[in-house]
Amino acid sequence: MKLNALIAFVFLLSSATHRTAIPPVRASVNYDQLKEIIEKNDNKLYVVNFWATWCRPCIEELPHFVEVSSAYENQAPFQMILVSLDKAELLETDVAQMITKLHIDNDVYLLDDNKRMNYWISAVDSTWSGAIPATVFYKNGQKLHFTEGQLTKEELTAIIQQHL
Amino acid sequence: MKKITLLLIAITAVALSAFKLVDSTPKIANTTEDVAPKGYAIGDEASDFNLKNIDDKMVSLANYPNAKGFIITFTCNHCPYAVAYEQRIMDLDAKYASLGYPVIAISPNDPALVPEDGMDEMKKLASTKGYTFPYLLDEKQEVYPLFGATKTPHIFILHKENGKNIVKYIGAIDNNYANPDDVTERYAEDAVNALIAGTDIKVTTTKAIGCSIKDSRNKK
């Protein structure tokens with residue numbers, strides 16, 4: 001009887017941990033699909049970082065983003081989404097390798113919408129020149145903050161704290 | 001009379017304080033304005049510059065008395081987007097230099113931060129590719145902020161009007177960096193064609209993703 005209870009307990013525990021460990025998303029999207037993902041009406045703060053594997057300042061700042069993200073996720077209504085601007089065919093090679101190298105466990109979307117850049121760069125923020133890195137903060141479909149250029153760990157934390 | 005004056009003062013005070021209240025509300029949505037890039041807008045006169053070319057000679061716009069305008073291209077060696085556009089920048093010069101609109105390429109990056117963008121490397125690339133246009137180094141990094149370039153590649157098309165170089169187009173070369181065979185909008189060509197035809201440029205500014213300009217002053 002005790003053994004049965006133990007087995008049941010172990011089973012419950014494993015199914016519970018299994019449920020929380022949803023593997024992060026890694027997918028190609030166009031801008032309209034990305035918009036639906038980041039502009040949700042769910043009271044969550046979405047931190048959306050635009051990067052690419054070839055962009056040095058992006059790779060420099062990403063470890064801070066990963067660190068800050070793990071400090072906030074599961075503690076607050078918060079989600080960090082990394083948007084790669086690499087070529088679509090590099091998602092499973094260069095992008096995947098960088099995800100592993102930097103221990104990224106956030107959802108990563110590759111924005112495969114080249115020919116409409118002139119539209120979606122301004123749609124993300126009218127002041128964005130198109131240089132990366134760039135980071136935008138949304139809650140309930142409202143844009144709260146936009147930064148073109150690198151963010152330090154302290155700056156990123158301060159913006160999150162202000163808007164959580 | 002005194003009463004009216006007092007009333008006016010009171011009204012003014014209330015109006016002023018209301019104004020102040022509105023003004024002091026947190027400008028969350030406006031924080032983006034702080035990083036708005038400065039530089040030329042369409043219709044502005046571009047200042048001339050004097051920068052070192054890959055042949056070690058200095059180049060200015062004034063060296064081109066017969067030019068009708070210029071295709072100023074901020075580009076560099078290392079950036080994958082710049083690399084993707086190398087051939088298309090050469091094609092622009094091949095097509096438009098003889099029509100009075102030569103390409104002038106300027107590398108805006110600090111070679112101390114990106115060694116591949118140093119003068120020796122620029123010379124090598126220009127020679128390998130067979131660049132037909134000047135490839136200048138913005139050594140003091142004073143020219144790119146004047147234009148308001150923020151990334152590579154970043155194009156500024158100028159038109160000479162009464163001896164002044166007027167900015168007519170700012171942005172991308174076309175709408176597909178990744179695949180030149182699948183370009184459906186040729187922004188830079190359309191702009192120069194309009195200048196040649198003497199018609200209005202339909203799209204005067206465009207945006208594209210690019211590599212940020214590497215400048216130690218921008219490091220936080």
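Predicted model, so just to flag it, every value in this text is computed and none were measured.

Calculation criteria
- Residues numbered from 1 in each chain as written.
- Chains lettered and ligands numbered in written order.
- Predicted model: local features only at pLDDT ≥ 70, side-chain atom pairs only at ≥ 80, totals over all residues.
- Helix = DSSP H or I, 4+ residues; strand = E, 2+ residues; numbered from the N terminus.
- Buried ≥ 20, exposed ≤ 12 C-beta atoms within 10 Å, placed from the backbone.
- Contact = placed C-beta atoms within 7 Å.
- Nonpolar A, V, L, I, M, F, W, Y, C, P; charged D, E, K, R; others polar.
- Pairing = 2+ DSSP bridges.
- Axes fitted to C-alpha atoms, helices over the stretch in contact; angles between N-to-C directions.
- Arc of directions from axis to C-beta.
- Right-handed = clockwise from strand over helix to strand, strands pointing away.

J.: Before we move on, could you go through the overall build of chain B and cite the residues and values that matter?
T.: The helix and strand tally for chain B stands at 5 helices and 10 strands. Here chain B holds 220 residues, and 35% of them are scored as buried. In chain B, 73% of the contacts between residues at least 6 apart in sequence involve partners at least 24 apart.

J.: Hey, could you go over the interface of chain A and chain B for me, with residue numbers and the actual values?
T.: Between chain A and chain B, the residue contacts involve 25 residues of the former and 25 residues of the latter. When contributions to the side of chain A that touches chain B are tallied by element, the ones reaching two or more residues are α5 (117-124), β5 (131-132) and β7 (142-148) of chain A. Sorting elements by how many residues they give to the side of chain A that touches chain B places β7(A) first, with 5 residues. For the side of chain A that touches chain B, the residue count by class is 10 nonpolar, 11 polar and 4 charged. Sheet topology note: the β5(A)/strand β10 (residues 210-212) of chain B ladder contains 2 bridges and is parallel. In the strand pairing of β10(B), A:Ala131 is matched with B:Gly210.

J.: I'd like a rundown of unusual backbone geometry, residues and numbers included.
T.: In the segment running from A:Ile132 into A:Pro133, the intervening peptide bond is cis, with an omega of 10°. Tracing the backbone shows A:Pro133 in the loop between β5 and β6 (134-139). The omega angle of the peptide bond from B:Thr152 to B:Pro153 is -10°, so this bond is cis rather than trans. Turning to its location among the elements, B:Pro153 is positioned in the loop between β7 (151-152) and β8 (154-161). One non-glycine residue, A:Asn74, adopts positive backbone phi at about 70°. Since 8 C-beta atoms lie within 10 Å of it, A:Asn74 is described here as exposed.

J.: I'd like to hear about the sheet that holds β6(A), residue by residue, with values.
T.: The pairing of strands in a sheet comes from backbone hydrogen bonds and takes either a parallel or an antiparallel form. All names here are of chain A. In spatial order, the strands read β1-β4-β3-β2-β6-β7; together these 6 strands make up an open sheet with mixed pairing. Of all the strands in the sheet, just β1 (26-29) and β7 have a single pairing partner and so form its edges. Strand-to-strand twist across the sheet, computed as the mean angle between neighbouring axes with direction ignored, equals 25°. Sheet analysis places β1 next to strand β4 (residues 107-111), joined by 4 bridges and oriented parallel. Bridge assignment links Ala 27 to a residue of β4, and that residue is Tyr 109.

J.: Residue-level account of α5(A), with values.
T.: All names here are of chain A. Buried within α5 we find Met 117, Ile 121 and Val 124. The buried side chains of α5 occupy one side of the element, clustering within an arc of 70° when seen end-on. The elements touched by buried residues of α5 are β6.

J.: So what's going on with helix α5 (residues 187-197) of chain B? Which residues, and what values?
T.: All names here are of chain B. Those residues of α5 that fall on the buried side of the exposure criterion are Tyr 187, Ala 188, Ala 191, Val 192 and Leu 195. Viewed along the axis of α5, the buried residues span an arc of 130°, placing them on a single side of the element. Buried residues belonging to α5 abut β4 (69-74), α2 (80-96), β8 and β9 (164-171). Within two residues after α5, Gly 198 carries a phi angle of roughly 75°, on the positive side.

J.: Which residues make up the sheet that holds β5(A), and what are the values?
T.: Taken in spatial order, the 3 strands line up as β5(A)-β10(B)-β7(B) in an open sheet, and their pairing is mixed. Unpaired on one side and paired on the other, β5 of chain A together with β7 of chain B mark the two borders of the sheet.

J.: For the pairing of β4(A), give the residues involved together with the corresponding values.
T.: Residue and element names in this part refer to chain A. Where burial is concerned, most of β4 is hidden: 4 out of the 5 residues are buried. Pairing of strand β3 (residues 78-84) with β4 involves 4 bridges; the strand directions are parallel. Residue Val 83 lies in a different strand from β4, and its bridge partner there is Tyr 109. Each parallel crossover has a hand, and the one from β3 via helix α4 (residues 91-101) to β4 is right-handed.

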